[in-house]
Each structure stands twice: as C-alpha cells, then as structure tokens.
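What follows is the residue order along each chain.
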Amino acid sequence: MAETPIIEVRDLVKHFGSVIALNGVSLKVSSGEVLCLLGDNGAGKSTLIKTLAGVHKRSAGDFLVDGRSIDFESPRDALDAGIATVYQDLAMIPLMSITRNFFMGREPLKGFGPFRYMDMKRADTVTREEMHKIGIDIRDPQQAVGTLSGGERQCVAIARAVYFGAKVLILDEPTSALGVAQTSMVLKYIDLVRSKGLGVVFITHNVRHAFAVGNRFTVLNRGRTLGTHAKGEIAMDALQNLMAGGKELQELSGELGGTI
Amino acid sequence: MSTIYDVKDKLGRDERVKTSSLLTTLIRKPELGAVAGLVLVIVFFLVFASPTMFTLAGIMNIMAPASQLGILAIGAALLMIGGEFDLSLGSMIAFAGLVFAAALVVWHMPLAAAILIAFLVALVVGTVNAQIVIRTGLPSFIVTLAFLFILRGLTLVGLKWASGGATQLRGIKDVVEGSTLAGFFSGNALEGLFAWMAAHDMIDKFPNGLPKVSGVPVEAVWFVLFALFATWLLLRTKFGNWIFASGGDARAARNSGVPVNRVKTTLFVVTAACATLVAIITVLDAGSTDARRGFQKEFEAIIAAVIGGCLLTGGYGSAIGAFFGSLIFGMVLIGLTYTTIDQDWYLVFLGTMLLVAVVFNNVVRKRVTGER
Ligand SMILES: Nc1ncnc2c1ncn2[C@@H]1O[C@H](COP(=O)(O)OP(=O)(O)OP(=O)(O)O)[C@@H](O)[C@H]1O
Ligand SMILES: [Mg+2]
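Residues numbered from 1 in each chain as written. Chains lettered and ligands numbered in written order. Predicted model: local features only at pLDDT ≥ 70, side-chain atom pairs only at ≥ 80, totals over all residues. Heavy atoms only, no water.

The name given to chain B in an unreviewed UniProt entry is Xylose transport system permease protein XylH, and the organism recorded there is Lichenibacterium ramalinae.

Chain A is annotated in an unreviewed UniProt entry as Sugar ABC transporter ATP-binding protein from Lichenibacterium ramalinae. Per UniProt, chain A has the following entry under Sequence similarities (unreviewed entry): "Belongs to the ABC transporter superfamily." (UniProt positions renumbered as here; feature names shortened; annotations may be inferred.)

With 37 residues of chain B at the contact, the number on the chain A side is 36 residues. Of the roughly 3,000 Å² buried at the junction of chain B and chain A (both faces included), carbon and sulfur atoms supply 55%. Taken together, the connections running from chain B to chain A amount to 0 salt bridges. At the boundary of chain B and chain A, one finds 6 residue pairs in polar contact (both at pLDDT 80 or more). Of all the secondary-structure elements, those providing two or more residues to the side of chain B that touches chain A are α9 (218-236), α10 (238-248), α11 (250-255) and α15 (345-369) of chain B. Ranked by residues supplied to the side of chain B that touches chain A, first place goes to α10 of chain B with 7 residues. Grouping the amino acids of the side of chain B that touches chain A by side-chain chemistry returns 15 nonpolar, 14 polar and 8 charged. (Contact = heavy atoms within 4.5 Å. Buried area = accessible area lost by both parts, 1.4 Å probe. Salt bridge = Lys/Arg side-chain N within 4 Å of Asp/Glu carboxyl O. Polar contact = N/O pair within 3.5 Å; in protein donor to acceptor, adjacent residues only side chain to side chain. Helix = DSSP H or I, 4+ residues; strand = E, 2+ residues; numbered from the N terminus. Nonpolar A, V, L, I, M, F, W, Y, C, P; charged D, E, K, R; others polar.)

This part takes up the site of ligand 1. Residue and element names in this part refer to chain A. By nearness alone, 13 residues border ligand 1, and Asn41, Gly42, Lys45, Ser46 and Thr47 come closest of all. A distance of 3.2 Å separates an oxygen atom of ligand 1 from a polar atom in the backbone of Ala43. A distance of 2.9 Å separates an oxygen atom of ligand 1 from a polar atom in the backbone of Gly44. Notes on ligand 1: free accessible area 640 Å², of which the protein chains cover 61%. When contributions to the shell around ligand 1 are tallied by element, the ones reaching two or more residues are β2 (19-29) and α1 (45-52). (Near = heavy atom within 4 Å. Areas by Shrake-Rupley, 256 points an atom, 1.4 Å probe, with all protein chains shown as cover.)

All right, on to empty space enclosed by the protein then. Considering all chains together, one arrives at 3 cavities of 30 Å³ or more under this definition. Roughly 240 Å³ of internal volume is contained in the largest cavity. Lining the largest cavity are 20 residues; nearest its centre among them are Leu79, Ala84, Thr85 and Arg106 of chain A together with Asn255 of chain B. Those elements that provide at least two residues to the lining of the largest cavity are α2 (75-80), β6 (83-86) and α5 (150-163) of chain A. The leading source of residues in the lining of the largest cavity is β6 of chain A, at 4 residues. Looking at the lining of the largest cavity, its residues break down into 13 nonpolar, 5 polar and 2 charged. Computed from the structure, the second largest cavity encloses a volume of approximately 60 Å³. Contributing to the lining of the second largest cavity are 10 residues, with Lys29, Pro30, Phe360, Asn361 and Val364 of chain B lying nearest its centre. Those elements giving two or more residues to the lining of the second largest cavity turn out to be α2 (32-48) and α15 of chain B. In terms of residues, the lining of the second largest cavity owes the most to one element, α15 of chain B, which gives 3 residues. (1 Å grid on protein atoms, 1.4 Å probe; cavity = no way out; pocket = protein on both sides within 12 Å on 5 of 7 lines; lining within 4 Å. Points joined across faces, edges and corners; volume = space filled by probe spheres on them.)

See below:
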C-alpha cells in the first residue's frame, strides 16, 4: 500500500518486570481496512492494544502514528490522536443511562461560565440518531445501559468512538461473549465503520469471525507476530493452525469430532 | 428491553418493548422510596400525634434538626454516588467547631476570618482523606474510620488546650454580638416575610401583632438551597455526570477520560465543608462548642442518604432523596415528642428504616439495570 498507515508498530517489546508480554510485534493499519489480530489466550493481544491505547508504555520498538514516531502519556493522548479503544469491559457503566454513557468524559455543554450545564436534550438526540444509524432503535436514551443486551452495548461503545472522531478503532474481542444474532450485528457494524474509511483493529480468537470482516490477518503467538496475511492468501484452516502455534489442531479437532 | 430485532408493529414500535409506563419512569427515580417513606411518616403522625405538630411552629421545630442533618446527608449522598464514604463526618463537625471557636475566643479573630479558617481546615481534611484513599487504594470506609478517631481525639486534646483543661469552649455569643455576618449562620431568616404575612393575617400572631413564628431557621435556608444546587449539579452538569461515572466504575470512567481522582477529592472536600457549615451553625446557636458535637452524625447522614436512594456500592442515588430522607429523620425525632410514644423508639426506627431502605434499593437497582 502506498499511503502511510495510520498506525504502524515495528519490533514492539513490552516487559512487566521479568514477564515479557510482547517480544517483537510488528503491524500496520491503514484507513478503510480491518486488520484482525489473532492469537491464543495469553498471546499478548490485550497488552498490545493497551500499548497502542496509551495505557502501557512500550519497553522498546517503534510506534508511528501517521508516519510520525509518538509516545502516549495517557489514554487521553491516544484519544486525541484519533485512536479509540473499545476494551473487553467496554468502559460502560451499567447503572448510567445510554446518553450519559455515550457522552461520558465529553459532555456537550450549554450556558456560560460557572453556569454551564449539560445539554441533555442534544445529548439524547445525538445518542438516538447515532444508534439509529447502525440500526438500533433506542426508544428511551435515558434507560440504563445495564438493560441493553451484550451486542447492543458493544454497538453503543463503538458508536461512541466513531462519533467522537476516531481514525482507528481498536476492538478487543467484541464478539467473544455474544450469540449468533448479536455477533452478526456487531460484525456488520464493523464492516460499516470500515467502509466509512476508518481503520479497524479487530481482536478475536475466532477465525470465522475474523474471516467475515477482515482484510488482513496478523497472528500473535507468545508475544511475537508470526506474520501478516491478506485475505485471499491464506485459508481458514491454515490460519487456525498458525494461531495455535503450529500444533496440529486438525488432530485435536478430529478427536473431538470436528467441532473446533 | 432488547430492541435489535426487526419485529415492529404498524406504528414502527418494537413489539418487545412495552410503552414506558408511569411506574417505570417513577421507579427509575432514586428518591422514590424516600418520598413514599415521608408520606407514610406524615400519615402516621397525623393519626397519632397531637395536631400542634403540624402547625407552622411545629414544622419549624422539625426543620431545625432536619436541616442540620440534611446538609450533611446531601454531602454524604454526593460522595456515596461518587463511590466513597466519609465516616469522619461527625468528628469533623467537632473538629471544625473547635477550630472555629478557638479562632474566635482564643485567637480573637473577627468572625469572617474564623469562618474562613474553619473552611480551610475542611479543605485540608477533605484533601487528606481523599489523597490517602486514592494513593493507597484502600476502601474509604477504613481510611475515614481512622479519621473518625483521629479528629475526635484531636478535638478533645485541642479543647483542653484551648480552654485550659475543660472539654468545652464558651463565650462565643459575646464575641459575635451584633455581627451581620452571624445572621447568615444563626437565628431566623425571612423575618420580614413572616412579619408581613402576620400583618396580613396569613399566619398566627400575638395580640401585639408580631408573628408567633418569627421566621425560618437559617439552616433550613442553607438546606433547601444546597439540596437544589446539588440536584442541579448531579443531574444537569458535566461534573454531575462525572460523579455518577466515578462511582459507577472508576476504571471505565478513567478510560473514558473522566478525571476520577479530581472528582473524588472534590467530593471529600465538599463533605468536610458540609460538616464545617453545620459546625458553625450549631456553635453559633449554642454559643459554645464541646467534644461530643456531631457525635454519630456520620451514620445518620449515611442512613439519610441511603433512605434517599443512594446505593452503598456507589454510582446511583440522588441529592433530593437525601433531602427527603433528612425530613423523615427530623419528623420522627421531633414527632415522637408530640405523641405518647417513648422517644427512645427513635433508634429502633432508625435501624429499621436503614434495613428497609437497603432492601428496597437493591430491588430498584435490579429493575433499573435489568438484572434478573
Ligand atoms: N500488568 C501485567 N503485569 C504482568 N504481566 C502481565 C500484565 N499484563 C499482562 N501480563 C502478561 O502478559 C501476557 C499476555 O497477556 P494478554 O492479556 O496481553 O493476553 P491476551 O492475548 O489478551 O489473552 P486473552 O486472549 O486471554 O485475552 C500474559 O502472560 C500475562 O500474564
Ligand atoms: Mg485479552
């Protein structure tokens, strides 16, 4: 690709004391593409995205945003640079309303000086509109997030990131806790976000979900990237084996009657 | 309440969502329980208490203790919604009372300076509480429990030092005599209005034309204004949203860019300042301060906040609920004197109210969050 990737990391290393969580990770994300980050439990996926999101500082390696080397001091810096992360826990507060969650930390204000207050009407309208765009009808934006289904919550979290001008969206296992219908809702939404020109980093265990929306696949194993493959270049099975670290998954799968 | 399915009726509504009933709207309001409780208590006393309880004079009798507690309870409620407790609230009243009184009678400061110093101490105590909680990550329950003892002890030691061995400091009335500033913290407010109402036969008056009730206790004015302000702050401002977020899930709030530590520090300072305000009001009222001032007020404030709908786990509650919770307290405390019932039932009532409120809040929380 000729254009500069929005995010590029080269040989990224991250230590936690004596634990080496990342040991040479390289990847690129450009706008309008979905990069799937695949890897088994403990491979370092969450550590990697937390480093991209400004939660952790890298121990070594290069981290470029729009071609320029960058150091984030806090998640706020990453947000300001257009990198929005939807964590596994979604950063949503079940007791608060959808609107209050949607605008948490970035409340729209009205009025002057010390008398500035939240523009609740606008907040409600925007929340309803943004959710409507992705096909979720919220009748009452004041209802608590706790009453939404897992998939709907995931969509609210993504919609929030998109609304606040993310250039890159990082999603940590957005489909791991979802049923079939909800998964397809989230996957559809990921594709919609990509078609709008955002870059998406989609983290998952599930090769099938990755294949549904991914343009390229980066496999992470024991803190290292095992290379990146474009969609047409690799079969689902091969990817699955790569993810399992070369172990013959077929064998296991065979023993279990082909259910994996 | 899922809305993702495309099954819609003719009006385009999702068939799986019932139209929001009045009940759903109501139950979503944290103060519902407190309002219901207040109605119950009023009905109870209408039946069992002498009718003089609900005269204007009787109501003012209720307002004084209700307001003193209410100022504390609203502060405690904001802090609880922000996810923390302050058990040092009661001791802080005694400590602020000592500082305030000592500034007046030992250091001979003008009233304005004494008030300023008392609030500066609140700023320091609140900040210290908050910083310890934030930096150690310990539950505020434990940290402020330590300050419950530390501040009470400091008050005792300080009182003996200031008074030369006693546990009481007197002579405050003489020092503030004739100060207009004192009028903001003691006596009655709205006296002009009451005189006018008496003159127009709207309220009871003595034969000489003066109203039988000369005004509203000044703490009631503070109480009402603070309740209105806190409610506006919580429901309508950015900071209010941050309070809910910090108490609901501090990590999620941080990840969304909410300055959680700043919010919590502010709230600890606000509760300490509430204690200080109550200290100034009660010290000016009594003309002295002593070591037992504010004793166990932290529990009463927390109970009033819980009756007002605050969850012990944070992230949910209301200031106006704490307002009603405090009215319930004042009404029962004073109301029992208008009945033949033994006054010590007050404590039994207090404990029972707390239990009922906690159980009720739990149910409401499950309704609100859709937990099953
Ligand atoms: N804060 C930390 N301190 C020490 N070790 C850590 C820390 N965070 C992660 N690790 C270690 O780094 C490794 C990678 O963890 P990480 O959470 O990134 O895995 P993951 O790929 O996200 O796994 P999963 O699929 O289960 O979410 C693990 O061995 C983990 O124990
Ligand atoms: Mg993970």
